[in-house]
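Fold and geometry: a report
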Amino acid sequence: MQVTVIGTGYVGSVTGACLAYLGHHVTCVDTDAAKIARWKMGQSPIYEPYLEELIARAARIGGIEFTTELSDAARNSDVIFIAVGTPPLPNGSANLSYLEAAARSIGSAMDDSRFRVVVNKSTVPVGSGNLVETLVREGITEAHPAARNKIRFGVASNPEFLREGCAVSDSLYPDRIVVGASDERTLGIMLELYRPVVKQTFDSPPGVPRPPALGQVPLVSTSLTSAEMIKYAANAFLAMKIGFANEMANICERVGAEATEVMLGIGLDSRIGAKFLNAGVGWGGSCFGKDIQALLQTASEYGYSTRLLQASLDVNTAQRQVAIQKLQEKLYILKGRTIGLLGLAFKPDTDDLRDAPSLQIAERLLQMGARVKAYDPIAMRACRELYPDLKIRYCESALEAAQGSDALVVVTEWNEFRGLPLAELAAAMAQPVLVDGRNIFSAEAAMAAGFDYAGMGRCPRPREPRREVEPSSSVTT
């Protein structure tokens, strides 16, 4: 099929690359000329594993191109994805200005040569499918008043469920595909578009192997409104699950339980599942907070108070302070201390710093008079560019971050950190304090290496050897 993708951020670039790899011809459109110039040179403006390689492979077979001009691309397409940003407004609702501009431009570009499907790929509030249909019709009427009844199109909602750091894999081997549509023709085109993914008939690209147990991918067909709600409900539930793990971890510390053991024990229940039950310094990124705020706003518009959603935001905000509290418990006074942060990105395998816990932790430490050092394998360049006023010292290795520091805080669970030489780090520090904000280390191993260790919801203590009960030598009756 001929496909246009409007927006070349995380969602748009990954969607375009994967559809082109599957054999469709994709044109990616963005108003940012500098970004398009980088894409044309094969350079990704974002860090996402295997994305550049996938785009290079698609470009070699002529399956993908990049442009700032929408009109020709939209006119020649069967399917047009809207994958623009929907950042939050001050009141928590989504800013739909980019979406609205894209929808009107699509309408202006259309002619009556073919039926087209306009797809909301951006995370948008409930009811946005209807809004896009109205805006496309307005664009048609303004540009082609005489032909407005001849130009045919359908609107679909196709939310993304991508995780930064493994977005290519999530696109090619998804848990499910959700398509909301109001007519059978639109649904049929979307089914045909995704047939290679549903049937898994394509060869896996290098570096992104197909999961061994993966069979046919479920495609869930819904109404427009249900598809929009599925996206928000999924992210809200995942955020609540992480928040629940953090709440339980905080109780575990107080009663002497081990949170990692408790989460393992409940995660084996098939009704609960083990994913997203790792206690830590809280979630970050561009999705959870924004989507919960938008859902809160939607509920408020309909007169409903969503207490559970608000609690999820509150718990996550408070959790970031827990790392500071643990430093105070170990060092007492933070003024004049040097704290090394291991990790800046909100999660591993990305350079994304949006709502990253590291930023709030660093800012709070600086406010308290501490000196802050940081090391991240990928995100330091982005942090320098985006936050030039953040007065932290960037280090070239974890060992440099440890040298002379009074404490280390693990903020991002990069795999690189799991294999660090703990004894060498502890020996390099002024005070060997380790706050493991992601529970990536064995408490016993860290303490054996010389660290004064604190995890999240952990109460490390040596196990006593089991004592055998001696049999009684006499029987009393």
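For the structure itself, look to the data block above.
Note that the structure is a prediction, hence the values are computed from the model and not measured.

**Topic: the packing of helix H13 (residues 307-331) against helix H14 (residues 357-367)**
- Contact pair H13 / H14: the axes reach a minimum separation of 9 Å and the direction vectors enclose 40 degrees. Taken as axis vectors, H13 and H14 run oblique relative to one another. Our pair here, H13 against H14, has a crossing hand that is right-handed. Along the contact surface, H13 presents Arg-320, Gln-321, Ala-323, Ile-324 and Leu-327, while H14 presents Pro-357, Gln-360, Ile-361, Arg-364 and Leu-365.

**Some words on the nonpolar core**
- By size, the foremost hydrophobic cluster in this structure holds 62 residues, and its most contacted members are Ile-339, Leu-341, Leu-344, Leu-365, Leu-408 and Phe-451.
- The element that contributes the greatest number of residues to this core is H13, accounting for five residues.
- Excluding residues within four positions of it along the chain, Leu-365 makes contact with Ile-324, Leu-327, Leu-334, Ile-339, Leu-341, Ala-370 and Val-372.
- The next biggest cluster of nonpolar side chains, apart from the first, holds 47 residues, and it includes Val-3, Leu-19, Phe-66 and Ala-167.

**What to know about the packing of aromatic side chains**
- On inspection of all chains with the given rule, the structure shows five aromatic pairs.
- Plain terms: the ring middles of Trp-283 and Phe-288 are 5.6 Å apart, the flat faces sit at 80 degrees to each other, and that makes the pair edge-to-face.
- Using a relative accessible area of 6% as the deciding quantity, one classes Trp-283 as buried.
- By relative accessible area, Phe-288 is classed as buried at 12%.
- Against the face of Phe-161 rests Arg-176, its NZ or CZ located 3.7 Å from the ring centre.
- For the cation-ring pair, Arg-210 lies above Phe-202, with the distance from its terminal atom to the ring centre recorded as 4.8 Å.

**A word on the sheet that holds strand S11 (residues 393-394)**
- Here we have six strands laid out as an open sheet, ordered S11-S10-S9-S12-S13-S14, and parallel in their pairing. Edge positions in the sheet fall to S11 and strand S14 (452-454), since each of these pairs with one other strand and no more.
- Both strand S10 (residues 371-375) and S11 contribute to a ladder of two bridges, which runs parallel. Along S11, the bridge assignment pairs Ala-374 with Tyr-394.
- Here H13 sits on the sheet in contact with strand S9 (338-342), strand S12 (407-410), strand S13 (433-436) and S14, set at roughly 160 degrees to S13.
- On the sheet, H14 packs against S9 and S10 and is oriented at approximately 175 degrees with respect to S9.

**Topic: the packing of helix H10 (residues 224-255) against helix H11 (residues 259-267)**
- In contact at an axis separation of 9 Å, H10 and H11 are set at 135 degrees when each is read in the N-to-C sense. By the angle between their axes, H10 is oblique relative to H11. Crossing of H10 over H11 shows right-handed handedness. For the pair H10 and H11, the contacting residues are Phe-244, Ala-245, Met-248, Ala-249 and Cys-252 in the first and Ala-259, Val-262, Met-263 and Ile-266 in the second.

**Considerations on the pattern of salt bridges**
- Within the structure shown, the criterion is met by 21 salt bridges.
- Residues Arg-354 and Glu-164 are paired through a salt bridge, measuring 3.4 Å at the closest nitrogen-oxygen approach. Of the two residues, Arg-354 sits in the loop between S9 and H14 while Glu-164 sits in the loop between strand S6 (153-157) and helix H7 (167-172), which places them 190 residues apart along the sequence.
- Taking the relative accessible area as the measure of exposure, Arg-354 reaches 39% and is therefore partly exposed.
- The partner of Asp-452 in a salt bridge is Lys-330, and the shortest N-O contact between them spans 2.7 Å. Highlighted residues: Asp-452 in strand S14 and Lys-330 in helix H13, separated in sequence by 122 residues.
- Each member of the salt-bridge network shares a partner with another, and the members are Arg-104, Glu-138 and Glu-142.

**Some words on the side chain of Thr-67**
- When you line up the elements, Thr-67 lands in strand S3 (residues 64-67).
- A polar side-chain atom of Thr-67 sits 3.0 Å from the main-chain amide nitrogen of Glu-69.
- Setting aside its immediate chain neighbours within four residues, Thr-67 contacts Thr-27, Cys-28, Val-29, Asp-30 and Ile-36.

**Things to note about the sheet that holds S3**
- The eight strands are arranged S3-S2-S1-S4-S5-S6-S7-S8 in an open sheet whose pairing can be described as mixed. At either margin of the open sheet sits one strand with a lone partner, and together these are S3 and strand S8 (219-222). Neighbouring strand axes in the sheet, compared pairwise and without regard to direction, differ in orientation by 25 degrees on average.
- Bridge count between strand S1 (residues 2-6) and strand S4 (residues 79-82): four bridges; the pairing is parallel. Among the inter-strand pairings, Ile-6 is bridged to a residue of S4, identified as Ile-82.
- Most of the contacts of helix H6 (residues 128-143) go to S6, to which it runs at about 150 degrees, and overall it touches S4, strand S5 (116-120) and S6.

**A look at empty space enclosed by the protein**
- Scanning the model with the defined rule gives one cavity of 30 Å³ or more in all.
- As for the largest cavity, its lining consists of Asn-120, Ser-122, Thr-123, Val-124, Ser-157, Asn-158, Pro-159, Ala-227, Glu-228 and Lys-231.
- Of the residues forming the lining of the largest cavity, the biggest block, three residues, is contributed by H10.

**Section: H11**
- Every buried residue of H11 is listed here: Ala-259, Met-263 and Gly-267. Buried residues along H11 cover an arc of 65 degrees about the axis, so they all sit on one side. Facing away from the buried side of H11, by more than 90 degrees, are the exposed residues Leu-264 and Gly-265.
- In the core, the buried residues of H11 are packed alongside H10.

Reading the values: the criteria
- Residues numbered from 1 in each chain as written.
- Predicted model: local features only at pLDDT ≥ 70, side-chain atom pairs only at ≥ 80, totals over all residues.
- Heavy atoms only, no water.
- Axes fitted to C-alpha atoms, helices over the stretch in contact; angles between N-to-C directions.
- Helix = DSSP H or I, 4+ residues; strand = E, 2+ residues; numbered from the N terminus.
- Parallel < 35°, antiparallel > 145°, perpendicular 65-115°, else oblique.
- Left-handed = near helix turned anticlockwise from the far one by under 90°.
- Contact = heavy atoms within 4.5 Å.
- Core = buried A, V, L, I, M, F, W, Y, C linked by side-chain atoms within 4.5 Å.
- Buried < 20%, exposed > 50% of the residue type's maximum accessible area, 1.4 Å probe, protein only.
- Phe/Tyr/Trp six-rings, centres within 6.5 Å; stacked < 30°, edge-to-face > 60°.
- Lys NZ or Arg CZ within 6 Å of the ring centre and 35° of its normal.
- Pairing = 2+ DSSP bridges.
- Salt bridge = Lys/Arg side-chain N within 4 Å of Asp/Glu carboxyl O.
- Polar contact = N/O pair within 3.5 Å; in protein donor to acceptor, adjacent residues only side chain to side chain.
- 1 Å grid on protein atoms, 1.4 Å probe; cavity = no way out; pocket = protein on both sides within 12 Å on 5 of 7 lines; lining within 4 Å.
- Points joined across faces, edges and corners; volume = space filled by probe spheres on them.
- Arc of directions from axis to C-beta.

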